[in-house]
Amino acid sequence: MDENPTLQNLQTANQQQHQATGAAATLSGAYGGTGQGVQDALTNYFTNQNVANASGQAYSNAYNSAIQQQQNSLNTLLGAAGAQTNAAGLLSGLGAQEQNVGQTGIQNALQL
């Protein structure tokens, strides 16, 4: 399976256009002439432009995907930090309750 179908399709279209240009030049008796050369150069120019556009779009998609994954990871870490803060608050509350119970026990013992 080809990993770059877009680039392969662009190269196939490029070769087909070169074949069509050569066939048209042959039919008009100008095979290998300057007209054919100019047409082939334009075909190559537009193919290279399309390859650059397709590559740029692929890099842009990959970058955006990486940024989204990074944001998801950051959100997960922030959620975990929030849960840790909540747990610390809960433990602090339990510690305060335990301290109050202990203090009440001491006061009761002193009164007895």
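See the structure above.
Residues numbered from 1 in each chain as written. Predicted model: local features only at pLDDT ≥ 70, side-chain atom pairs only at ≥ 80, totals over all residues. Heavy atoms only, no water.

1. Things to note about the packing of helix 1 (residues 5–27) against helix 2 (residues 34–111)
A packed helix pair is summarised by two numbers, namely the angle formed by the two axes and the spacing between the axes.
Then, in step 1: Direction vectors running N to C along helix 1 and helix 2 enclose 170°, while the axes themselves pass 10 Å from each other. Between helix 1 and helix 2, the crossing angle belongs to the class labelled roughly antiparallel. On the side of helix 1, the interface is formed by T6, L7, L10, Q11, N14, Q17, H18, T21, G22 and A25, while helix 2 contributes Q36, Q39, D40, T43, N44, T47, N50, V51, A54 and S55.
Then, in step 2: Residues that form the contact of helix 1 with helix 2 fall into these classes: five nonpolar, 14 polar and one charged. (Axes fitted to C-alpha atoms, helices over the stretch in contact; angles between N-to-C directions. Helix = DSSP H or I, 4+ residues; strand = E, 2+ residues; numbered from the N terminus. Parallel < 35°, antiparallel > 145°, perpendicular 65-115°, else oblique. Contact = heavy atoms within 4.5 Å. Nonpolar A, V, L, I, M, F, W, Y, C, P; charged D, E, K, R; others polar.)

2. Things to note about the packing of aromatic side chains
Then, in step 1: Scanning the model with the defined rule gives one aromatic pair in all.
Then, in step 2: Here Y45 and F46 contribute two aromatic rings whose centre-to-centre distance is 5.2 Å and whose plane-to-plane angle is 70°, an arrangement assigned as edge-to-face. (Phe/Tyr/Trp six-rings, centres within 6.5 Å; stacked < 30°, edge-to-face > 60°.)

3. Looking at a nonpolar patch on the surface
Then, in step 1: A surface patch of nonpolar side chains, amounting to about 400 Å² of accessible area, comprises V38, L42, Y45 and F46.
Then, in step 2: As for its position among the elements, F46 is in helix 2. (Patch = residues over 30% accessible without salt bridge, like charges linked within 9 Å, V, L, I, M, F, W, Y side chains within 5 Å. Areas by Shrake-Rupley, 256 points an atom, 1.4 Å probe, with all protein chains shown as cover. Salt bridge = Lys/Arg side-chain N within 4 Å of Asp/Glu carboxyl O.)

4. A short note on helix 1
Then, in step 1: Across its 23 residues, helix 1 extends 33 Å between first and last C-alpha, which sits within 8% of the 33 Å expected from 1.5 Å per residue.
Then, in step 2: Looking only at helix 1, the buried set comprises L10, N14, H18, T21, G22 and A25.
Then, in step 3: Packed against the buried residues of helix 1 are helix 2.
Then, in step 4: Taken from the residues just after helix 1, G29 is the one with a positive phi, measuring 75°. (Expected span 1.5 Å × (residues − 1). Buried < 20%, exposed > 50% of the residue type's maximum accessible area, 1.4 Å probe, protein only.)

5. A few points about the side chain of T47
Then, in step 1: Along the polypeptide, T47 turns up in helix 2.
Then, in step 2: Taking the relative accessible area as the measure of exposure, T47 reaches 9% and is therefore buried.
Then, in step 3: A polar contact is formed between the side chain of T47 and the side chain of N14, at a distance of 2.7 Å.
Then, in step 4: In contact with T47, other than residues within four places in its own chain, are L10, Q11 and N14. (Polar contact = N/O pair within 3.5 Å; in protein donor to acceptor, adjacent residues only side chain to side chain.)

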